[in-house]
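Structural overview
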Amino acid sequence: MSTRTVRAACPHDCPDTCALLVTVENGRAIRVAGDPAHPATRGVLCTKVARYTERTYHPERLLYPLQRIGRKGEGRFRRISWDEALEIIGSRLKEIAGRDPQRILPYSYAGTMGYVQGESMAARFFHRLGASLLERTICAAAGTAGIKATYGGGLGFDVDFADEAKLILLWGCNPITSSLHYWTRVQEAKRRGARVIAIDPYRSLTAEKCHQHIALLPGSDSALALGMIHILIRERLLDHDYVAAHTLGFDALRARALEYPPERVAQLCGIDQQQVLELALTYGRMAVQDRVPVAIRIGYGVQRGHGGGQAVRALACLPSLVGAWRHRAGGALHSSSAFFPLNSAGLQRPDLIPGWPKMPRTVNMSGIGDALQPSGADPAIEALVVYNANPVAVAPDSARVAAGFAREDLFTVVLEHFQTDTADYADILLPATTQLEHFDIHKSYGHTYVLANNPAIAPLGEAKPNSEIFRLMARQLGFVEACFDDSDEMLAAQAFNFADERTRHMNWETLKQNGWAKLNLPEAPFARGGFTTPSGKCEFYSAQLAASGHDPLPGYVAPHESAQSPLARTFPLAMISPPARHFLNSSFVNVDSLRAIEGEPAVHLHPLDAAERGVADGQTVQVWNQRGSLNLKAHLTERARKGVVVIPSIWWKKLSADGKNANELTSQALTDLGNAPTFYDCLVQVRAADLKPQAGKNPERASADLSTKET
Ligand SMILES: Nc1nc2c(c(=O)[nH]1)N[C@H]1C(S)=C(S)[C@@H](COP(=O)(O)OP(=O)(O)OC[C@H]3O[C@@H](n4cnc5c(=O)[nH]c(N)nc54)[C@H](O)[C@@H]3O)O[C@H]1N2
Ligand SMILES: Nc1nc2c(c(=O)[nH]1)N[C@H]1C(S)=C(S)[C@@H](COP(=O)(O)OP(=O)(O)OC[C@H]3O[C@@H](n4cnc5c(=O)[nH]c(N)nc54)[C@H](O)[C@@H]3O)O[C@H]1N2
Ligand code: SF4
Ligand SMILES: [Mo]
């Protein structure tokens, strides 16, 4: 018997990017554990990945190339050989590219966060082809744009020091679910006397364990932050030296903040004035009078509404006003991605684009529903190649997305581990390897370590790494550039700029052996200024934003679907659909043991909202709006604030009772900055599903749903 341990990295879209130790016995992975020596992982994994072998050896893993035999979406396929699959793909893509390669669109996101199996060989392939570019902004782009305008780049505090903070605002994030290892640091800080406050419309698992929970309305965070700024200025709770030396536009910000007195803020946020006042005073006094580290973890929940960019900008101003950056555990953190010196141009080779530097047209991934309609894009999209993503489940306005994917004239290739909702629409479905079967290299968006992933086992069945599939496609299309011969290890070695001072002590060979290495960084990124904005300061006023037609100052932007709008008369409840703890976006939904913990698709609603609608706990309800409708189990709970309903997500549509998920209701409208989606900016109505259909905006859909309701 041979047993060995392989160093690997968790590939999932989670800020923690854990270092893994995979135990392999006679060629089979039998255990996946956290590396105890890795300071960010500390030997602990979440429930999902602790059971990784269940996902890897799942009986429904795709093991062979498949060709569709049923209707689109029906999910009926026949096995074909790799040669046949490549021949079909090659001839279709060649024919379409001959007319206009922009009629071909890649669609990918973060099924794996690795650079080798993500945007390396795939990007080279689509660039060389001249395919449309995909605007990959479905997750953090609004917040990233807000941070960039304010700080110049996405730096923040290093989570390795987070347990030294004395006040932690968990603002629109739920780390027990979405960043377990950061939560460990918060608990440590709490043990050492820190005060922890959650700001979230929902009493999440995290919010209930904080000292205080402020349950504001979705999309009102900018108002709360501006109200805090108003009070900090009024009460002179400012670090005047820091403001004078390292910020730009204080007077303009003061004038703007004057527009946000606590009474107005309380009304916009649906909370008490006292809560606004107390929050600002706690923050300001601890930072300025007690001079202890105060930290804001800016979660992604803040930026999923119309004003998401400005909201993150408003939050980002707070630490500079009170000089919180002077401490290594103080300041704010949205994402640590920008710490890493990536070599994107080398990996992705945009110079291969025919006509470079002129770029092909760009399609926004959150607008894929509209873009796939016959006249939704000019030129029309005729071929889609999907990898590392499940758009039929995760993209907004899902009925439009599914209708687009169902177009008989659309040629769709999907690279997957499983037959997802998206895979059901593929013309050709290709089996991809998992993280245990291929090489990769990773950064993290929560910590500051680079990680290597070594393959632990041989590919299952005929599965191939994404990189190899795109290498083969490149060959099929006759691309002869040497970069299409790069091996996976050569790609890994190119992913980072190892000449940069942050990564100079690393290289692929040692990373592969040791598993991980920390970036070389200053401990407190903005202790002495050093912002990378045009002025070199923290820009409360951004001339760049003004020049691009945006508000140069942080401000409140009402939701597209606001409680004050006429739409709210028909659809009075604000719906949010944040991550379910045991899923990772739509990944893991098909792992039976994890789905069993999540139970069944449900909508959480406040008992008073339920009573107004005659809804009882456990009853099936219909949730609907102008875009669609779905049936779910009602879960009555005061965790959901009145006026807000919560659908833990993202369920596979086909594993839900009525074949739909929350994205049936979400819209394709984008944010103020960053062209990001607005998943949590969505008005709905709820009623018991066994009532007669009401005159809503979507009566046909409503009655169709009644026929499929559970009894
Ligand atoms: N287990 C698990 N972990 C995950 C994921 C997963 O699906 N499952 N997804 C991963 C991904 S892709 C991401 S982007 C991150 C996201 O992780 P987080 O940064 O935690 O963000 P969200 O989960 O979107 O939302 C967090 C909280 O914001 C609240 N919220 C919703 N709207 C608002 C609002 O307008 N204002 C405020 N203040 N709060 C609001 C929600 O109720 C939720 O509790 O998590 C990653 N980690
Ligand atoms: N309603 C609602 N919708 C949301 C969100 C929300 O909070 N609410 N969150 C949004 C956010 S933040 C995000 S980031 C997106 C996430 O959207 P996606 O990035 O599409 O994430 P997943 O749903 O996990 O789908 C990833 C797929 O990639 C596959 N995969 C994994 N590794 C590999 C590989 O190596 N090769 C190949 N070929 N495939 C692989 C997995 O099997 C999985 O099916 O969803 C967004 N959608
Ligand atoms: S999903 Fe997150 S917490 Fe779980 S193992 Fe991966 S990186 Fe760690
Ligand atoms: Mo995300």
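This one's a predicted model, so the numbers in the text were calculated from it and none came from an experiment. (Residues numbered from 1 in each chain as written. Chains lettered and ligands numbered in written order. Predicted model: local features only at pLDDT ≥ 70, side-chain atom pairs only at ≥ 80, totals over all residues. Heavy atoms only, no water.)

Turning our eyes to something else, we now look at the pattern of salt bridges. In the structure shown here, the tally under the stated rule is 47 salt bridges. With its nearest N and O atoms 3.7 Å apart, the salt bridge here joins Arg475 to Asp485. In this pair, Arg475 is assigned in helix H18 (residues 466-476) and Asp485 in the loop between H18 and helix H19 (488-494), connecting sequence segments ten residues apart. (Salt bridge = Lys/Arg side-chain N within 4 Å of Asp/Glu carboxyl O. Helix = DSSP H or I, 4+ residues; strand = E, 2+ residues; numbered from the N terminus.)

Considering the arrangement of structural elements, one finds His582 in the loop between strand E22 (573-576) and helix H23 (592-598). Overall, His582 belongs to the buried group, its relative accessible area being 11%. In contact with His582, other than residues within four places in its own chain, are Thr47, Lys48, Phe588, Leu594, Ile597 and Glu598. (Buried < 20%, exposed > 50% of the residue type's maximum accessible area, 1.4 Å probe, protein only. Contact = heavy atoms within 4.5 Å.)

As a further point, take unusual backbone geometry. Apart from glycine, the bulk of residues carry a negative phi angle, and the bulk of peptide bonds sit in the trans form. Across the junction of Trp356 and Pro357, the peptide omega takes the value 10°, indicating a cis bond. Considering the arrangement of structural elements, one finds Pro357 in the loop between helix H14 (344-348) and strand E14 (362-364). A cis amide bond links Ser649 to the next residue, Ile650, at an omega of 10°. Its identity as a non-glycine residue notwithstanding, Asn26 has a phi of 45°, on the positive side. One can find Asn26 in the loop between strand E2 (19-25) and strand E3 (28-34). On the accessibility criterion, Asn26 (52% relative accessible area) is exposed. Even without being a glycine, Asp397 presents a positive backbone phi close to 60°. Along the polypeptide, Asp397 turns up in the loop between helix H16 (391-394) and helix H17 (398-405).

Turning our eyes to something else, we now look at the site of ligand 1. In the region of ligand 1, 32 residues are neighbours, and Ser178, Asp200, Asp221, Phe583 and Asn585 sit closest. At 3.0 Å from a nitrogen atom of ligand 1 is found a main-chain nitrogen or oxygen belonging to Ile199. Within the backbone of Arg581, an N or O atom sits 2.9 Å from a nitrogen atom of ligand 1. The fraction of the free accessible surface of ligand 1 (910 Å²) that becomes covered by protein chains is 97%. Of the residues that constitute the shell around ligand 1, the class distribution is 17 nonpolar, nine polar and six charged. (Near = heavy atom within 4 Å. Polar contact = N/O pair within 3.5 Å; in protein donor to acceptor, adjacent residues only side chain to side chain. Areas by Shrake-Rupley, 256 points an atom, 1.4 Å probe, with all protein chains shown as cover. Nonpolar A, V, L, I, M, F, W, Y, C, P; charged D, E, K, R; others polar.)

With that out of the way, let us pick up the packing of helix H8 (residues 221-234) against helix H12 (residues 273-289). Taken N-terminus to C-terminus, the directions of H8 and H12 make an angle of 60°; their axes are 9 Å apart at the nearest point. Between H8 and H12, the crossing angle belongs to the class labelled oblique. In the packing of H8 onto H12, the handedness of the crossing is right-handed. Packed against H8, whose contacting residues are Leu224, Gly227, Met228, Ile231, Leu232 and Arg234, the element H12 presents Val276, Leu277, Leu279, Ala280, Leu281, Tyr283 and Gly284 at the interface. Residues that form the contact of H8 with H12 fall into these classes: ten nonpolar, two polar and one charged. (Axes fitted to C-alpha atoms, helices over the stretch in contact; angles between N-to-C directions. Parallel < 35°, antiparallel > 145°, perpendicular 65-115°, else oblique. Left-handed = near helix turned anticlockwise from the far one by under 90°.)

Moving on, we come to the domain arrangement of the protein chain. Parsing the protein chain into structural domains produces domain 1 (66-131 + 341-432 + 462-499), domain 2 (142-337 + 525-547) and domain 3 (566-688). Taking only C-alpha atoms into account, the centre of domain 1 sits 30 Å from that of domain 3. Contact with domain 1, which involves 22 residues of that partner, is made by 18 residues of domain 3. Buried surface at the junction of domain 1 and domain 3, summed over both partners, amounts to about 1,500 Å²; 47% is from carbon and sulfur atoms. Counting across the domain 1 and domain 3 interface gives one salt bridge. The shortest N-O distance in the salt bridge between Lys654 and Asp424 comes to 3.0 Å. Remark: the boundary between domain 1 and domain 3 carries 15 residue pairs in polar contact (both at pLDDT 80 or more). Residue assignment for the side of domain 1 that touches domain 3 shows that the elements contributing at least two residues are helix H15 (368-371), H16 and H17. With four residues, the single largest contributor to the side of domain 1 that touches domain 3 is H17. (Domains from an automatic or database assignment. Buried area = accessible area lost by both parts, 1.4 Å probe.)

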